[in-house]
Amino acid sequence: MGKTLFDKLWEKHVIAGKPGEPQLIYIDLHLVHEVTSPQAFEGLRVNHRHVRRPERTFATMDHNVPTKDIFNIKDAISLKQIETLKKNCDEFGIRLAEIGSEEQGIVHVIGPQLGLTQPGQTVVCGDSHTATHGAFGSIAFGIGTSEVEHVLATQAIWQLKPKTMGIHLHGNLQKGVSAKDIIMALIATYGVDFGTGYALEFYGDTVDRLSMENRMSICNMAIEGGAKMGMMKPDQTTFEYVTGRKYAPKKMDEAIEYWQQFYTDDPTDYDKVLDFDVSELAPYVSWGTNPSMSVPVSGSLPDIADMNFQRAYDYMGLKPHMAASAIPIQWIFIGSCTNGRLADLQEAARVMKGHHLAKNVTAWIVPGSRTVKNDAEKLGLDKIFKDAGCEWRDPGCSACLAMNPDKIPAGIHCASTTNRNFEGRQGKDARTHLASPAMVAAAGIHGHFVDIRQKEVI
Amino acid sequence: MEAITVHTGTTIPLMNNNIDTDQIIPKQFLKNILKIGYGKHLFHDWRFLDDGSPDPSFILNHPERQGATVLISGENFGCGSSREHAAWALKDWGFKIIIAGSYSDIFFMNCTKNGVLPIILPLDARKKIATISPEEKITVDLPQQFVECNGEKFNFKIDSTWKQKFINGTDDIDITLNYSDKISKFENSMPSFS
Ligand code: SF4
């Protein structure tokens, strides 16, 4: 009996505890943001505790920051959270990429970008989309604030080892179909809780061919399928991505040699395997109020199966059996930790180039980090977006969760490259439709969804 | 953390599946830097009308349900965002026990840190509990691992470590600090490529 990638990573990090019971796991990298950390630092202070290994924690500001006029935070409580994080980082000696700095951005974008995220690690953050970092071949999961405090104080965490599920992705994607469509299709097929209690590993020839950016988009949404973590084995693509980044290992050759031990010996080693052929996959769009309520853009909306569907239809103002492409789009949002990286913006810009937004469509483009923004501008992407009528903003979470002033108005249908279409997620009574960057860009041009596999539409 | 052993209280059923933490406590209330005071915002968007007044049709606002301590719900309770504010808000409102079909992993862990006991029971048991009158009390016996409702007993499973934590109300960090030497030893054995 061999071992899975997850088993090997887990074993390397167990400090104490027996299998079958919660075990104490060492944490290599702890990422922190302003919303889920203040109570943790306060807890340390009250109990006269210190941060065990400050150099293993890195903080940034993303959820609450404005993406326009960034130094003028009007919401007094947001400002307080941002100031509190700065004060806490100063007091406890933690590195901080603060608002306006070159390194600031969405926590799951900057970790990989700075080379903080590396294969073979355990990564935690007070944020459920920490699963993103699993794309590097690491155990990465979201934790609550009490656990943030626990990791600050001890650099370790008690966890019950989850089961493992291998998701075999094979086949070539059709042109116009992306990594985002793979994960949306998986969740639409297997539901929002198929991964509960499991660590997911995505593997197969499809994964081998994906770029790191695309791999991250898939692992990012593992949580939308109920799994705390999603991962992929590190390979040449991973090593090349990490090489040369600011906080990458100095002895890169030795590191790569170490990382190469992390792979699953044989698919029979997983507790469960799902097989998924992506070759016939269409681009997906969500119609309802959780990510499993999604359909191929070439399809139509489903019957009302139960009270949850009825509620979703009422909220979204849509009817069963209408064509997915008939959903009217009045707003588009491109950004977030799912699709706010340079490659995502390039995808969207490729579609938008030379076109203009449909009448009455508003568009916000929010780069995932300051570096993404600068790099995009070097490539002239900002100009393509602005020429098309879009607003080019500063980095942050923005309308992905609408904690800052970036809110989608009530009743508006917004095509969004984000990961959650929950009621009120993008603003009270806002109607979110999840899709890939290229699909969202095309929806902005047409004022409704279109199947971008058909050449004539773009 | 407050200990839980045997608890008796009244109930509130909210039987939808997939109740996410965005619904339990919407993001506009996450800006606080304290752990308390979230109860008044629990289920905010379902609980209040557009003009800010309580929606009388929502069960949390029913006068006869005030003081309930046990929440009965559907599958995959607490999915979505990792915000511990969801557990804080449930606790602050007065809930001590949740009985659902399943939980998201992160929400479950957050409950274990805050003395909110997440119990798993099958749908038929939850359906029975969901239909009792607002005044009727149920008993949750954690040491014996059963819920008693209307003279009927429903057994539940719980990992023995979490069970002891609830019963003793222990602080995790204190426990882990006892492992400091082991953690140091581990750190000394780690590979370094810097
Ligand atoms: S971009 Fe959205 S999902 Fe990602 S960390 Fe920010 S709020 Fe969370």
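Keep in mind the model is a prediction, meaning the values are calculated, not measured.

Each helix and strand counted, chain B has 8 helices and 8 strands in total. Overall, the C-alpha framework of chain B stretches about 60 × 45 × 25 Å when taken along its three principal axes. When the 194 residues of chain B are sorted by exposure, 59% land in the buried category. Put simply, of all contacts in chain B between residues at least 6 apart along the chain, 67% involve residues at least 24 apart. As displayed, chain B has an accessible area near 7900 Å², and 51% of this comes from carbon and sulfur atoms. When the 20 basic and 24 acidic side-chain charges of chain B are each reduced to a single mean position, those positions are 3 Å apart.

Now for the environment of Thr11 of chain B. All names here are of chain B. For Thr11, the position within the fold is in strand β2 (residues 11-14). By relative accessible area, which is 1% here, Thr11 ends up buried. In this structure the C-alpha to C-alpha distance between Thr11 and Asn155, which are 144 residues apart in sequence, comes to 18 Å. Discounting residues that sit within four places of it in the chain, Thr11 has contacts with Arg65, Ala68, Val70, Ile72, Ile129, Ile132 and Ile138.

Further remarks concern the interface of chain A and chain B. Where interface size is quoted, it is often the accessible area lost as the parts come together. In this complex, chain A contributes 73 residues to the contact, which on the side of chain B involves 52 residues. Of the roughly 5100 Å² buried at the junction of chain A and chain B (both faces included), carbon and sulfur atoms supply 57%. At the boundary of chain A and chain B, one finds 6 salt bridges. Asp22 of chain B is the partner of Arg425 of chain A in a salt bridge, and the nearest nitrogen-oxygen pair spans 3.3 Å. At the junction of chain A with chain B, the criterion picks out 31 residue pairs in polar contact (both at pLDDT 80 or more). Residues belonging to the side of chain A that touches chain B are distributed by class as follows: 25 nonpolar, 26 polar and 22 charged.

Residues and elements named next belong to chain A. Here we have 5 strands laid out as an open sheet, ordered β5-β4-β3-β6-β7, and parallel in their pairing. Only two strands of the sheet have a single partner each, and these edge strands are β5 (95-97) and β7 (139-142). Direction aside, neighbouring strands of the sheet carry axes that sit 20° apart on average. Taken together, the 3 bridges between strand β3 (residues 29-32) and strand β6 (residues 122-125) define a ladder with parallel strand orientation. Considered in β6, the bridge of Leu31 is made with Cys125.

Here is what the cut-offs are and how they apply
- Residues numbered from 1 in each chain as written.
- Chains lettered and ligands numbered in written order.
- Predicted model: local features only at pLDDT ≥ 70, side-chain atom pairs only at ≥ 80, totals over all residues.
- Heavy atoms only, no water.
- Helix = DSSP H or I, 4+ residues; strand = E, 2+ residues; numbered from the N terminus.
- Buried < 20%, exposed > 50% of the residue type's maximum accessible area, 1.4 Å probe, protein only.
- Contact = heavy atoms within 4.5 Å.
- Areas by Shrake-Rupley, 256 points an atom, 1.4 Å probe, with all protein chains shown as cover.
- Lys, Arg positive; Asp, Glu negative; His and termini not counted.
- Charge placed at Lys NZ, Arg CZ, Asp CG, Glu CD.
- Buried area = accessible area lost by both parts, 1.4 Å probe.
- Salt bridge = Lys/Arg side-chain N within 4 Å of Asp/Glu carboxyl O.
- Polar contact = N/O pair within 3.5 Å; in protein donor to acceptor, adjacent residues only side chain to side chain.
- Nonpolar A, V, L, I, M, F, W, Y, C, P; charged D, E, K, R; others polar.
- Pairing = 2+ DSSP bridges.
- Axes fitted to C-alpha atoms, helices over the stretch in contact; angles between N-to-C directions.

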